[in-house]
Amino acid sequence: MRTHNLGYPRIGSRRELKKACENYWAGKISLVELLQAGKRIRLENWKSQQEAGINLIPIHDFSYYDQVLDTNLMLGNIPSRFLPLVQQEKKSFPSLYFAMARGYQKGDLDITALEMTKWFDTNYHYLVPEFYRNQTFSFVCTDVITEFLEAKQLGINAKPVILGPVSYLLLGKEKEQGFHRIDLLKGILPVYKDVLNNIEQAGASYIQMDEPCLVLDLDEPAKQAFREAYHYFAQGCPEVKILLATYFGELTENLPLACSLPVDTLHIDLVRAPEQLDDVLKQIPDYMSLSLGIVDGRNIWKNNYDISLTVINKAVRALGEERIWIAPSCSLLHSPCDLDLETDEAVLPEKVKHWMSFARQKLNEVSDLSKLSASQPDKETEDRLALNRKAHQSRISSSFIHDPAVQARISSIQDKDFERGLPFTDRKKLQDACLNLPILPTTTIGSFPQIKEVREVRAKFKKGMISKKDYTEAIKTFTQQAVKIQEEIGLDVLVHGEFERNDMVEYFGEQLNGFAFTQNGWVQSYGSRCVKPPVIYGDVSRPKSMTTDWISFAQSLTEKPVKGMLTGPVTILQWSFVRNDQPRSATAMQIALAIRDEVSDLEHVGVRIIQVDEPAIREGLPLRKSGYAAYLAWAVKSFRLATSSVRPQTQIHTHMCYSEFNDIITSIAAMDADVITIETSRSQMELLNAFINYQYPNDIGPGVYDIHSPRIPSVGEMELLLNKALNVIPLNRLWVNPDCGLKTRNWEEVLPALKNMVQAARNIR
Ligand code: GLN
Ligand code: ZN
């Protein structure tokens, strides 16, 4: 039995890479210093993996920005708009590389970056490869070889990791009509062959080809592409042993395909899809080894050794020890680096921490499991098994996790708790009567510019540098200013501005039972951007009201309605590390109850409009269509549970940050929010197509102002978008608002843009 790893966090345990990149971009450090920082992180990562006893250590999993971008450069896929950079600077690596990632503006050159999108269902974002019809490829960036030699010199038993050709193509986008990107396979294969042969010559015995697309719904041409690619490698590079890595889900109907490919080893994800093991053991051909992805690469909980050992032993019995590998389920890129850095009991209590495991600890788990499944584990490993059992035992019975009051409430939920009482059309009449808004009501999505002064006040308070009283006064002043400005601009429905919130999930998590936080639990989101998700470890409940003070304060300053502003259950779930001892849907219902209490409290203090943001509903969709219905059912239910306690007069809003809606629009409608605001201005109201085929029943505010750009849209532009919207949405159901919250903008942009927006609404009225 052997152990290996699929990939290690590249940001560095103290976010060294983030700091190095940002300093380099700001001109504060040189290219040499940046490259040194990268090298230090790689060495440290290799060393930790070696120390943990991992037999085969991944290399080329490192990247200064993104591994898909690196693949573009490896294959010479550089869109022509970047060519001036290649020509201008002979040593083109840094400017070209970061230009593709972040765009380039200097002198006459203004080049847009590659598009960015989510990596499967993770919170990591990759840069989308662009494809053109008659494109050619060549082996341009040879980092994979350089890194392999670097590792070899240090005595590291290294396994180069590259993104496989089929997933690479499938993850990209055609930028020209008249072809499908999968047609480019023929052109790309010789380059891959070149890469493989070079790696082999450098002395690598294994190479990991990531083909995560094997867990998606595939059409016939894609399946054919897999066959063609891997048979081509078997013939063209017979010496190279390929480990074909699949992760994030089950192979299902693609299993026979995967088992038919001439590769040395198949890696499967047994955390996301433990049920696939039996079929794999039955279908895997004799010549193929099996890598068991058994330690969760996507979450922060300790592995359960007893359960894992049962699985490993079963596989060993079926295939024999020589054919079995043990590994994390996927790259550890999606885990925080090192739990040992969590030393502050006040942030992460020991009683939660001892259930957890980050990337470094996960490697020890892989190694322990391999030793424990050998016939005679050493004493130390046996002791660790005992400790592991103890940790899991304590989780089952901990009163810290299990709250009978929460469970009692969950079991007493009734059907009527998901219903608003009256249908929308009747609610609307009552709401119109008590809100008395003009047609085309204007509003914003919640946050106002989080300028430096705002962030400083919060940070000082957190560090204990200013008193609670001073903090509250300061935030009150920001809120007062925001209300005054909104009145001056002439908006109809106001917001308090969210100045007290650092983050829309963390703010609520910090006030709820069942949540813990970390000091250094950073995970890469994109480029140098990292997130530190809260940890939901136990039953969720709300000890006391979380937002009423701020909303009441804002409401006391104006006659206009101020929206109560909350984050919805699915978004809180989606942007946290979630407990794995109960289904996600069960945790979502608990959060929904907590939000429901908050919604009721807001209503009781006189708030007439309550917005429950659900920007993450779409990203929670399962990878395969067959899973959509079940997910959407509980996602919608949790939203309805959170929002249905109020009187029909109280208006519920929700907000979503995207416009690809067509496939889920009936579920969005089933949420039954009175008003939904969504992103659309960037796509020129493309979203409205969804509304041509489907009569969305409730009120809707398609964003008319793109807040992602510093541009100030003109009155005319926004009028045009509104008129476009009026072609499909009836006048009495259309709202006027920006695309999203304004916290990333500054007031110099926001003021004129909102004035123009209000003017556009007035003109049409
Ligand atoms: N109310 C939040 C804000 O305005 C919504 C943000 C979001 O949807 N991502 O900031
Ligand atoms: Zn948004």
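From a predicted model like this one, the values you see are computed outputs, not experimental measurements.

Colleague: Run through the overall build of the chain, naming residues and quoting values.
Modeller: Tallying secondary structure elements over the chain gives 28 helices and 24 strands in all. For 765 residues, the compact-globule formula gives about 27 Å, and the C-alpha radius of gyration of the chain, at 27 Å, lands near that figure. Of all 765 residues assigned to the chain, the portion counted as buried reaches 60%. Counting every atom, the chain has about 30,700 Å² of accessible surface; 50% of that belongs to carbon and sulfur.

Colleague: A description of the side chain of Glu749 should follow, citing residues and the corresponding values.
Modeller: By the secondary structure assignment, Glu749 is in helix H28 (residues 747-764). Of the residues examined, Glu749 reaches a relative accessible area of 13% and is grouped as buried. Only 2.6 Å separates the side chain of Glu749 from the side chain of Arg745, close enough to count as a polar contact. With residues up to four places along the chain from it excluded, the contact list for Glu749 reads Tyr705, Pro710 and Ile712.

Colleague: Would you mind going over the coordination of the zinc ion (ligand 2) in detail, with residue names and values included?
Modeller: Binding of the zinc ion (ligand 2) to the protein goes through His655 (NE2), Cys657 (SG) and Cys740 (SG), at separations of 2.0 to 2.1 Å. Of note, the zinc ion (ligand 2) draws all its donor residues from one chain, in the sequence arrangement H-x1-C-x82-C. In this pair, Cys657 sits in the loop between strand E22 (651-656) and helix H25 (665-670) while Cys740 sits in the loop between helix H27 (715-726) and H28, placing the two residues 83 residues apart along the sequence.

Colleague: Mind laying out the sheet that holds strand E11 (residues 241-245), listing which residues take part and the relevant values?
Modeller: In space, the eight strands of this open sheet follow the order E1-E14-E13-E12-E11-E10-E8-E2, with parallel pairing throughout. Whereas interior strands pair on both sides, the edge strands pair on one side only; in this sheet they are strand E1 (2-3) and strand E2 (57-59). Pairing of E1 with strand E14 (residues 324-328) involves two bridges; the strand directions are parallel. Paired with Arg2 across the two strands is Trp325, which belongs to E14. Across the sheet, helix H12 (residues 305-319) touches strand E13 (289-295) and E14, and the angle it forms with E13 is around 175 degrees.

Colleague: With reference to specific residues and values, describe the pairing of strand E24 (residues 699-702).
Modeller: Alternating positions in E24 separate into two faces, Asp699 and Gly701 on one and Ile700 and Pro702 on the other, with burial throughout. Pairing of strand E23 (residues 675-678) with E24 involves four bridges; the strand directions are parallel. What sits directly across from Ile678, in E24, is Pro702. On the question of chirality, the crossover connecting E23 to the parallel E24 by way of helix H26 (residues 688-693) is right-handed.

Colleague: Account for the nonpolar core, with residues named and values stated.
Modeller: With 105 residues, the main nonpolar core has Trp119, Tyr230, Phe233 and Leu290 as its most contacted residues. With residues up to four places along the chain from it excluded, the contact list for Tyr230 reads Gly164, Pro165, Met209, Glu211, Ile242, Leu244, Leu261, Pro262 and Val263. Counting residues in each nonpolar core, the second largest holds 100 residues, with Val495, Phe639, Ile665 and Ile668 among its members.

Colleague: Give a detailed account of the environment of Leu257, specifying residues and quantitative values.
Modeller: Mapped onto the secondary structure, Leu257 falls in helix H10 (residues 255-260). Classification of Leu257 as buried rests on a relative accessible area of 6%. A C-alpha to C-alpha distance of 40 Å links Leu257 and Ile678, two positions 421 residues apart in sequence. Each residue touching Leu257, except ones within four places of it in the same chain, is listed here: Leu214, Leu218, Lys223, Phe226 and Arg227.

Colleague: Residues and numbers for H28, please.
Modeller: Here H28 contains 18 residues, and its C-alpha end-to-end distance of 26 Å stays within 8% of the 26 Å for a straight helix at 1.5 Å per residue. Residues of H28 that are buried include every one of Trp747, Glu749, Val750, Ala753, Leu754, Met757, Val758, Ala760 and Ala761, and no others. Buried residues of H28, seen end-on, are gathered within an arc of 155 degrees and therefore sit on one face of the element. Residues of H28 that are buried make contact with helix H19 (468-489) and H27.

About the cut-offs
- Residues numbered from 1 in each chain as written.
- Chains lettered and ligands numbered in written order.
- Predicted model: local features only at pLDDT ≥ 70, side-chain atom pairs only at ≥ 80, totals over all residues.
- Heavy atoms only, no water.
- Helix = DSSP H or I, 4+ residues; strand = E, 2+ residues; numbered from the N terminus.
- Rg over C-alpha atoms; globule rule 2.2 N^0.38 Å.
- Buried < 20%, exposed > 50% of the residue type's maximum accessible area, 1.4 Å probe, protein only.
- Areas by Shrake-Rupley, 256 points an atom, 1.4 Å probe, with all protein chains shown as cover.
- Polar contact = N/O pair within 3.5 Å; in protein donor to acceptor, adjacent residues only side chain to side chain.
- Contact = heavy atoms within 4.5 Å.
- Donors = N, O, S within 2.8 Å, 3.2 Å for Na, K, Ca; no water.
- Pairing = 2+ DSSP bridges.
- Axes fitted to C-alpha atoms, helices over the stretch in contact; angles between N-to-C directions.
- Right-handed = clockwise from strand over helix to strand, strands pointing away.
- Core = buried A, V, L, I, M, F, W, Y, C linked by side-chain atoms within 4.5 Å.
- Expected span 1.5 Å × (residues − 1).
- Arc of directions from axis to C-beta.

Honestly, that's just the spatial picture; any functional story needs more than this.
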